[in-house]
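Understanding the architecture of this molecule
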Amino acid sequence: MSPCSIDLPPIAVKPPQWFTPDQTQSILDALAPAWRTMCLLGFYTGPRWGELFGLHRHRIDTRRSERLDCRS
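Note that the coordinates shown come from a computational prediction; the quantities given were computed from them, not determined experimentally.

Conventions and cut-offs
- Residues numbered from 1 in each chain as written.
- Predicted model: local features only at pLDDT ≥ 70, side-chain atom pairs only at ≥ 80, totals over all residues.
- Heavy atoms only, no water.
- Helix = DSSP H or I, 4+ residues; strand = E, 2+ residues; numbered from the N terminus.
- Axes fitted to C-alpha atoms, helices over the stretch in contact; angles between N-to-C directions.
- Parallel < 35°, antiparallel > 145°, perpendicular 65-115°, else oblique.
- Left-handed = near helix turned anticlockwise from the far one by under 90°.
- Contact = heavy atoms within 4.5 Å.
- Expected span 1.5 Å × (residues − 1).
- pLDDT = per-residue confidence, 0-100.
- Patch = residues over 30% accessible without salt bridge, like charges linked within 9 Å, V, L, I, M, F, W, Y side chains within 5 Å.
- Areas by Shrake-Rupley, 256 points an atom, 1.4 Å probe, with all protein chains shown as cover.
- Salt bridge = Lys/Arg side-chain N within 4 Å of Asp/Glu carboxyl O.
- Phe/Tyr/Trp six-rings, centres within 6.5 Å; stacked < 30°, edge-to-face > 60°.
- Buried < 20%, exposed > 50% of the residue type's maximum accessible area, 1.4 Å probe, protein only.

Counting secondary structure elements, the protein contains 3 helices and 2 strands. N-terminal to C-terminal, the α/β element order of the protein is α-α-α-β-β.

A separate point is the packing of helix α1 (residues 21–30) against helix α2 (residues 33–45). At a minimum axis separation of 9 Å, α1 and α2 run at an interaxial angle of 160°. When the axes of α1 and α2 are compared, the pair comes out roughly antiparallel. As for the relative orientation of α1 and α2, their crossing is right-handed in sense. In this structure, α1 uses Thr24, Ile27, Leu28 and Asp29 to contact α2, whose residues at the interface are Arg36, Cys39, Leu40, Phe43 and Tyr44.

Attention now goes to α2. With 13 residues, α2 extends 19 Å from end C-alpha to end C-alpha; this agrees with the ideal 18 Å at 1.5 Å per step. Positive backbone phi, at 70°, marks Gly46, one or two positions downstream of α2.

Model confidence for the protein is summarised by a mean pLDDT of 81, while 85% of its residues fall at 70 or above. For the protein, strand β2 (residues 66–67) is the element with the lowest average pLDDT, namely 63, and α1 is the one with the highest, namely 94.

Taken together, the side chains of Trp35, Trp49 and Phe53 make up a nonpolar region of the molecular surface, amounting to roughly 400 Å² of accessible area. Here Trp35 shows up in helix α2.

Going through the model one piece at a time under the given rule, you end up with 2 aromatic pairs. Here Phe19 and Phe43 contribute two aromatic rings whose centre-to-centre distance is 5.4 Å and whose plane-to-plane angle is 90°, an arrangement assigned as edge-to-face. Here Phe19, found in the segment before α1, pairs with Phe43, found in helix α2; they are 24 residues apart in sequence, far enough to count as distant. Aromatic side chains Trp49 and Phe53 sit 5.4 Å apart centroid to centroid with 15° between the ring planes, which places their arrangement in the stacked category. Here Trp49 pairs with Phe53, and both are found in helix α3 (residues 49–53), just 4 residues apart, close to one helical turn. Judged by relative accessible area, Trp49 falls into the exposed class, the value being 62%.

Quick look at the structure:
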């Protein structure tokens, strides 16, 4: 008998849970000032961790409000 014919249990899909504005503010208030901007950006824009930590000032065009992605 092939193991590929085994019936797998269904995967329970949980709906995403989001922070409320009050929870978000409480978290931001508890953080050191150096982390607040990064976490605020993460809360409101929803990037992946790698995208968030890959941001650097020299890759941001502040005049045009664009992120420059020059890496390959």
